[in-house]
Amino acid sequence: MAVFDPASPSTPAPEEQHHSLRPFPNPPVESRVRAVIMGDRQGEVQVIAPHRALVDVNALQAATGRELRARDYRVEEPTSAIPGWYGVPVVVDESLIRRGELALATTEPGSFVRARSTDLTAEGEIATARFCVPVSADPTAPDRSGDLDAIGSSLSRFTAQRMQERIDQTLHIPPLPETARRIVALQADPNFDLADLVEIVETDPSIAARIMGWANSGFYNPDPPAATINDAIMRILGFDTVMSMALGMALGQTLRLPEVQVRGLPTFWLEAV
């Protein structure tokens with residue numbers, strides 16, 4: 001194994017070091033290489049591993065002598081597997097050194113570049129170690145008798161604190177808007193009153209304006225047009241319709257799809273194709 005020195009000089013910039021790499025469209029899964037950024041108090045490390053393998057964190061820590069943990073993952077920018085891309089120390093799983101042609105993941109979702117195994121250690125500032133556990137193409141064994149034991153062994157490695165940390169990192173649900181919370185409470189109240197709904201709608205100018213716009217639209221064509229929220233609900237739209245409209249608009253202001261992409265969908269689409 002190469003000596004892992006976190007203080008070693010950074011590799012050259014990726015555009016200088018890997019100018020010869022070319023795109024590798026639709027590479028076979030067995031040739032794909034992925035990366036993850038891990039770190040501790042000493043700094044970050046670019047960990048490069050086969051796509052079809054699991055990183056054994058304990059083995060990686062033993063090989064590097066550091067308490068490495070995975071950094072936050074940005075969905076809109078996958079981690080590049082090109083060595084030196086981030087200007088931090090690099091550690092490569094030894095299994096990749098014995099391979100021929102490789103497909104290195106890039107920061108573009110679903111995009112790869114063609115490389116040789118010798119490209120991974122060409123600069124001499126890259127450490128190699130054995131820290132990956134291979135995963136077969138068909139991980140479901142014919143004999144399922146040991147499944148419960150394997151699941152139990154895996155779960156025993158996770159403490160309640162670590163599980164809560166993982167949930168907090170991956171699950172971000174925004175708080176319910178006050179208008180939506182009041183509408184939900186009103187729907188659950190068997191003794192609701194029209195005045196209660198009118199009060200809720202009138203406290204949110206954007207919802208009130210859109211409801212008045214719908215009530216006086218050409219679709220309903222009221223004669224005379226509604227002059228108040230109470231009139232729009234009672235004479236034109238109805239209680240249930242306004243309740244659903246107001247709740248949908250209140251939730252729509254908070255629960256929106258990501259501007260870049262929905263997490264996991266690009267990978268799902270690529271695998272499906």
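Just so you know, these numbers come straight off a predicted model, no measurement behind them. (Residues numbered from 1 in each chain as written. Predicted model: local features only at pLDDT ≥ 70, side-chain atom pairs only at ≥ 80, totals over all residues. Heavy atoms only, no water.)

Student: I would appreciate a short explanation of the overall build of the protein in the present structure.
Tutor: Scanning the protein from terminus to terminus reveals 11 helices and 10 strands. Considering the protein as a whole, with its 273 residues, one finds that 34% of them fall into the buried category. Put simply, of all contacts in the protein between residues at least 6 apart along the chain, 66% involve residues at least 24 apart. (Helix = DSSP H or I, 4+ residues; strand = E, 2+ residues; numbered from the N terminus. Buried < 20%, exposed > 50% of the residue type's maximum accessible area, 1.4 Å probe, protein only. Contact = heavy atoms within 4.5 Å.)

Student: How should the pattern of salt bridges be read in this particular structure?
Tutor: Side chains that carry opposite charge are capable of pairing whenever their charged atoms lie near each other. Under the criterion given, the structure shown has six salt bridges. One salt bridge in this structure joins R114 and E101, with 2.8 Å as the shortest N-O distance. In this pair, R114 sits in strand β8 (residues 112–116) while E101 sits in strand β7 (residues 101–105), placing the two residues 13 residues apart along the sequence. (Salt bridge = Lys/Arg side-chain N within 4 Å of Asp/Glu carboxyl O.)

Student: Hey, could you run me through the environment of F112 in this one?
Tutor: Relative to the elements of secondary structure, F112 occurs in strand β8. On the basis of relative accessibility, which here comes to 14%, the residue F112 falls in the buried class. Distance in space between the C-alpha atoms of F112 and F24 is 5.2 Å, their sequence separation being 88 residues.

Student: In this structure, what is going on with unusual backbone geometry? I would like to understand it.
Tutor: With the exception of glycine, the majority of residues adopt a negative phi angle, and the majority of peptide bonds are in the trans configuration. Cis geometry is found at the peptide bond from D223 to P224, where omega equals 5 degrees. Along the chain, the position of P224 falls in the loop between α8 (205–215) and α9 (229–237). For N26, which is not glycine, the phi dihedral falls at a positive 50 degrees. Tracing the chain through its elements places N26 in the loop between β1 (22–23) and β2 (32–40). Here N221, not a glycine, exhibits a phi torsion of approximately 45 degrees, which is positive. Relative to the helices and strands, N221 is located in the loop between α8 and α9.

Student: It is not clear to me how a nonpolar patch on the surface should be interpreted in this structure. Could you clarify?
Tutor: Taken together, the side chains of W214, F219 and Y220 define a hydrophobic patch exposed on the protein surface, amounting to about 360 Å² of accessible area. Its location among the elements puts W214 in helix α8. (Patch = residues over 30% accessible without salt bridge, like charges linked within 9 Å, V, L, I, M, F, W, Y side chains within 5 Å. Areas by Shrake-Rupley, 256 points an atom, 1.4 Å probe, with all protein chains shown as cover.)

Student: What exactly am I supposed to notice about the confidence of the model for the protein here?
Tutor: Atom-level detail of predicted coordinates should not be read off regions where pLDDT is low. Chain-level pLDDT for the protein is 79 on average; 74% of the residues reach the 70-or-more range. Contacts of residues 1–18 to residues separated by more than four positions or lying in other chains number 37 contacts, the stretch itself having pLDDT below 50. (pLDDT = per-residue confidence, 0-100.)

Student: What should I look at first to understand the pairing of β8 in this one?
Tutor: Note on strand geometry: in a regular strand, side chains alternate between the two faces of the sheet. Sheet topology places β1 next to β8; two bridges connect them, and they run antiparallel. Bridge pairing links P23 to V113 in β8. For β7 and β8, the ladder comprises five bridges, and the chain directions are antiparallel. Bridging across to β8, A103 finds its partner in R114. Here β7 folds back onto β8 in antiparallel fashion, the turn holding six residues, of which G110 has a positive phi close to 80 degrees. (Pairing = 2+ DSSP bridges.)

Student: Hey, could you run me through the packing of helix α7 (residues 194–202) against α9 in this one?
Tutor: Any two packed helices are characterised by how steeply their axes cross, that is the angle between the axes, and by the distance between the axes. Running from amino to carboxyl end, α7 crosses α9 at an angle of 130 degrees, the nearest separation of the two axes being 9 Å. Classified by the angle between their axes, α7 and α9 sit oblique to one another. Judged by the sense of rotation from one axis to the other, the crossing of α7 with α9 is right-handed. Residues L194, L197, V198, V201 and E202 of α7 form the contact with α9, whose own contacting residues are I229, N230, I233 and M234. For the contact of α7 with α9, the per-class residue count stands at seven nonpolar, one polar and one charged. (Axes fitted to C-alpha atoms, helices over the stretch in contact; angles between N-to-C directions. Parallel < 35°, antiparallel > 145°, perpendicular 65-115°, else oblique. Left-handed = near helix turned anticlockwise from the far one by under 90°. Nonpolar A, V, L, I, M, F, W, Y, C, P; charged D, E, K, R; others polar.)

Student: It is not clear to me how the nonpolar core should be interpreted in this structure. Could you clarify?
Tutor: Generally speaking, nonpolar side chains in soluble globular proteins are found buried as a group. In terms of nonpolar packing, the biggest core is built from 27 residues, with L197 and V201 touching the most fellow members. A per-element tally of this core places helix α10 (residues 239–252) first, with eight residues. Those residues within four positions of V201 in sequence are excluded, and the remaining contacts are I207, A208, I211, I229, V242 and A246. The next biggest cluster of nonpolar side chains, apart from the first, holds 19 residues, and it includes I82, A103, A105 and F112. (Core = buried A, V, L, I, M, F, W, Y, C linked by side-chain atoms within 4.5 Å.)

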